[in-house]
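Here's the letter readout for the chains.
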Amino acid sequence: MKARIISLHDAIEALKKGNCIGIPTETVYGLAADATSPEAVAKIFLSKGRPTFNPLIVHGSSLDALRAYAEFSPLAYSLATAFWPGPLTLVLPKYDTIPDIVTAGHDTVALRVPNHPLALELLRALPFPLAAPSANRSGRISPTSAQHVLEEFFDQEIGVLDGGSCAIGLESTVLYLPKDPSLPPTILRPGGISRNVLESFFKSRLSLSTSAHSSFTPRSPGMLASHYAPHKPLHFVTPDLSLSPPPHTGWIGYGPTTPQGFARTWNLSPAIDSLQAAPRLFQALREFDSDPHLHMAIAWQWPQEDLGEAINDRLRRASQKKYLP
Ligand code: TXA
Ligand code: MG
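Residues numbered from 1 in each chain as written. Chains lettered and ligands numbered in written order. Predicted model: local features only at pLDDT ≥ 70, side-chain atom pairs only at ≥ 80, totals over all residues. Heavy atoms only, no water.

Describing the overall build of the protein
In step 1: For the protein, the count of helices and strands is 10 helices and 15 strands.
In step 2: The globule rule puts the C-alpha radius of gyration for 325 residues at 20 Å, and the 19 Å found for the protein is close to it.
In step 3: If you line up the protein on its principal axes, its C-alpha atoms span 55 × 50 × 35 Å.
In step 4: The proportion of buried residues among the 325 residues of the protein is 57%.
In step 5: The contacts in the protein between residues at least 6 apart in sequence include a share of 67% that link residues at least 24 apart.
In step 6: Total accessible area on the protein stands at roughly 13900 Å², and carbon and sulfur atoms take up 55% of it.
In step 7: Taking the 28 positively charged and 28 negatively charged side chains of the protein as two groups, their mean positions are separated by 3 Å. (Helix = DSSP H or I, 4+ residues; strand = E, 2+ residues; numbered from the N terminus. Rg over C-alpha atoms; globule rule 2.2 N^0.38 Å. Buried < 20%, exposed > 50% of the residue type's maximum accessible area, 1.4 Å probe, protein only. Contact = heavy atoms within 4.5 Å. Areas by Shrake-Rupley, 256 points an atom, 1.4 Å probe, with all protein chains shown as cover. Lys, Arg positive; Asp, Glu negative; His and termini not counted. Charge placed at Lys NZ, Arg CZ, Asp CG, Glu CD.)

So, in structure tokens, the structure goes:
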């Protein structure tokens, strides 16, 4: 394997030299580079095979460290104060300090402060913020351990900072705050901060807009229908214990009763707790993908509460076959 685990010292050096490296966060591992350097950021797109129309999230060590990169309205300021460090990404009007390659030419930038001690130590040691998408090949399953990142980039010279397994295991919630304060905030991607937590902050319902914004440019361009995709068919279904599966079928579900007849099962949470299930989800998808005895899998739909909405979003995308335009 060319990708390898590196020390914090070497991570700092590599980033200062303009290289990209794998970093831990509480959500998923990121593939990070100096967000102020177009050349460094270009390496992220190249390594991932990521379409350049899909913008990146910029990570800082604190709200103060990120102020120079976007316009924080009073609402943005209070959200950042309430939820950072944490799995909430705010999409705000960008300043010129962020190169266009980071935002794919949009006039907004996505910002967050990760809640992971090693990531924060790294960010504090750097004179610039880090642009970092999830550290997987474009369209594939997000990594929740350093080992996953090594597997994704086995053929590339990429250093990975090992911060253990990701506690949340699902990407951040992406929240768009329109410049015009009379327009409502919109969730662009459900994630580690659940809708009910945000709705109690706003004391109102929030809308979710993950689909194409206009006929040409998707509002959150990363929200393509097929994503997080295993190489084999995954069927996303309403829970049904009476189903008799065909041979070589896996099951990814939850609840006190694991159904019979499957070749392999992943019970993500016998107690039906989505917070327990989330950090196990991507690992289960990876194990399903790499198990040669399995030809397909059935994944159960979650109740929408708490992280259920985000888990369902990921499973739905993992069950789609092709990228939509
Ligand atoms: O938890 C996370 O968010 C992880 C860790 C590494 O922080 N990062 C992550 O990045 O999931 P990525 O690139 O896989 O997903 C970023 C999402 C995409 O859906 C992208 O389209 C959206 O955020 N996004 C980024 N900048 C945006 C912008 N200016 N406007 C709208 N959506 C944006
Ligand atoms: Mg991603």
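Describing the packing of helix H9 (residues 274-290) against helix H10 (residues 308-318)
In step 1: Axis separation between H9 and H10 bottoms out at 10 Å; the angle between their running directions is 20°. As summarised for this structure, H9 and H10 are arranged roughly parallel, according to the angle between their axes. For the pair H9 and H10, the crossing hand works out as left-handed. Mapping the contact onto sequence places Ser 274, Ala 277, Ala 278, Leu 281, Phe 282 and Leu 285 in H9 and Gly 308, Ile 311, Arg 314, Leu 315 and Ala 318 in H10.
In step 2: In terms of residue class, the contact of H9 with H10 is made up of eight nonpolar, two polar and one charged. (Axes fitted to C-alpha atoms, helices over the stretch in contact; angles between N-to-C directions. Parallel < 35°, antiparallel > 145°, perpendicular 65-115°, else oblique. Left-handed = near helix turned anticlockwise from the far one by under 90°. Nonpolar A, V, L, I, M, F, W, Y, C, P; charged D, E, K, R; others polar.)

Brief notes about the packing of aromatic side chains
In step 1: Applying the stated criterion to the full structure yields six aromatic pairs.
In step 2: Geometrically, the ring pair formed by Phe 201 and Phe 202 is edge-to-face, given 5.3 Å between the ring centres and 85° between the ring planes.
In step 3: With relative accessibility at 27%, the residue Phe 201 sits in the partly exposed group.
In step 4: Ring-pair connections join several aromatic residues into one group, and the members of that group are Trp 251, Tyr 254, Trp 300 and Trp 302. (Phe/Tyr/Trp six-rings, centres within 6.5 Å; stacked < 30°, edge-to-face > 60°.)

Topic: the pattern of salt bridges
In step 1: Tallied over the entire structure, the rule returns 16 salt bridges.
In step 2: Salt-bridge contacts for Arg 140 lead to Asp 289; the nearest nitrogen and oxygen are separated by 3.1 Å. Linking Arg 140 in the loop between strand S7 (130-131) and helix H7 (146-152) with Asp 289 in helix H9, this pair joins segments that are 149 residues apart in sequence.
In step 3: What emerges from the salt-bridge pattern is a single network uniting Glu 171, Asp 313, Arg 314 and Arg 317. (Salt bridge = Lys/Arg side-chain N within 4 Å of Asp/Glu carboxyl O.)

Regarding the side chain of Ser 47
In step 1: Within the secondary structure layout, Ser 47 lies in helix H2 (residues 38-48).
In step 2: A polar contact of 2.9 Å, which involves the side chain of Ser 47, links it to the side chain of Gln 156.
In step 3: With sequence-adjacent residues up to four places away left out, Ser 47 is seen in contact with Cys 20, Leu 31, Arg 137, Phe 153, Gln 156 and Ile 158. (Polar contact = N/O pair within 3.5 Å; in protein donor to acceptor, adjacent residues only side chain to side chain.)

Let's talk about unusual backbone geometry
In step 1: Of note, the bond from Trp 84 into Pro 85 is cis; its omega dihedral lies within 30 degrees of zero at -5°.
In step 2: Relative to the helices and strands, Pro 85 is located in the loop between helix H4 (74-83) and strand S5 (88-93).
In step 3: A positive phi angle, close to 55°, is found at Lys 203, a residue other than glycine.
In step 4: Note that Lys 203 resides in the loop between helix H8 (195-202) and strand S11 (207-208).
In step 5: The exposure class of Lys 203 is exposed, given its relative accessible area of 74%.
In step 6: Here the phi dihedral of His 248 falls at roughly 60°; this positive angle occurs in a residue that is not glycine.
In step 7: Within the secondary structure layout, His 248 lies in the loop between strand S12 (234-237) and strand S13 (249-253).
In step 8: A residue is classified by how much of its surface remains accessible, and His 248, at 38% relative accessible area, is partly exposed.

What to know about the packing of H4 against H8
The relative placement of two packed helices is expressed as an angle between their axes plus a distance between the axes.
In step 1: Packing of H4 against H8 leaves a shortest axis separation of 12 Å and a crossing angle of 130°. When the axis of H4 is compared with that of H8, the two are oblique. In terms of crossing hand, the pair formed by H4 and H8 is right-handed. Along the contact surface, H4 presents Leu 75, Ser 78, Leu 79, Ala 82 and Phe 83, while H8 presents Val 197, Leu 198, Phe 201 and Phe 202.

A look at the environment of Pro 87
In step 1: For Pro 87, the position within the fold is in the loop between H4 and S5.
In step 2: Placed 77 residues apart in sequence, Pro 87 and Gly 164 show a C-alpha to C-alpha distance of 17 Å.
In step 3: Each residue touching Pro 87, except ones within four places of it in the same chain, is listed here: Glu 26, Thr 27, Arg 112, Ile 168, Ser 172, Thr 173, Gly 192 and Ile 193.

Description of H9
An α-helix turns once every 3.6 residues. As a result, residues three or four positions apart point the same way.
In step 1: Its 17 residues place the ends of H9 24 Å apart at the C-alpha level, agreeing with the 24 Å of an ideal helix rising 1.5 Å per residue.
In step 2: Along its length, H9 reaches its greatest deviation from straightness, about 40°, at Arg 280.
In step 3: Within H9, burial applies to Ser 274, Ala 277, Ala 278, Leu 281, Phe 282, Ala 284, Leu 285, Arg 286, Phe 288 and Asp 289.
In step 4: Check the buried side of H9 and you find it contacts H7, S12, S13, strand S14 (264-267), strand S15 (296-300) and H10.
In step 5: If you check the start of H9, you find a side-chain oxygen 2.9 Å away from the backbone N of Leu 275, and it comes from Asp 273. (Expected span 1.5 Å × (residues − 1). Bend = angle between axes of the 7 residues up to and from the residue.)

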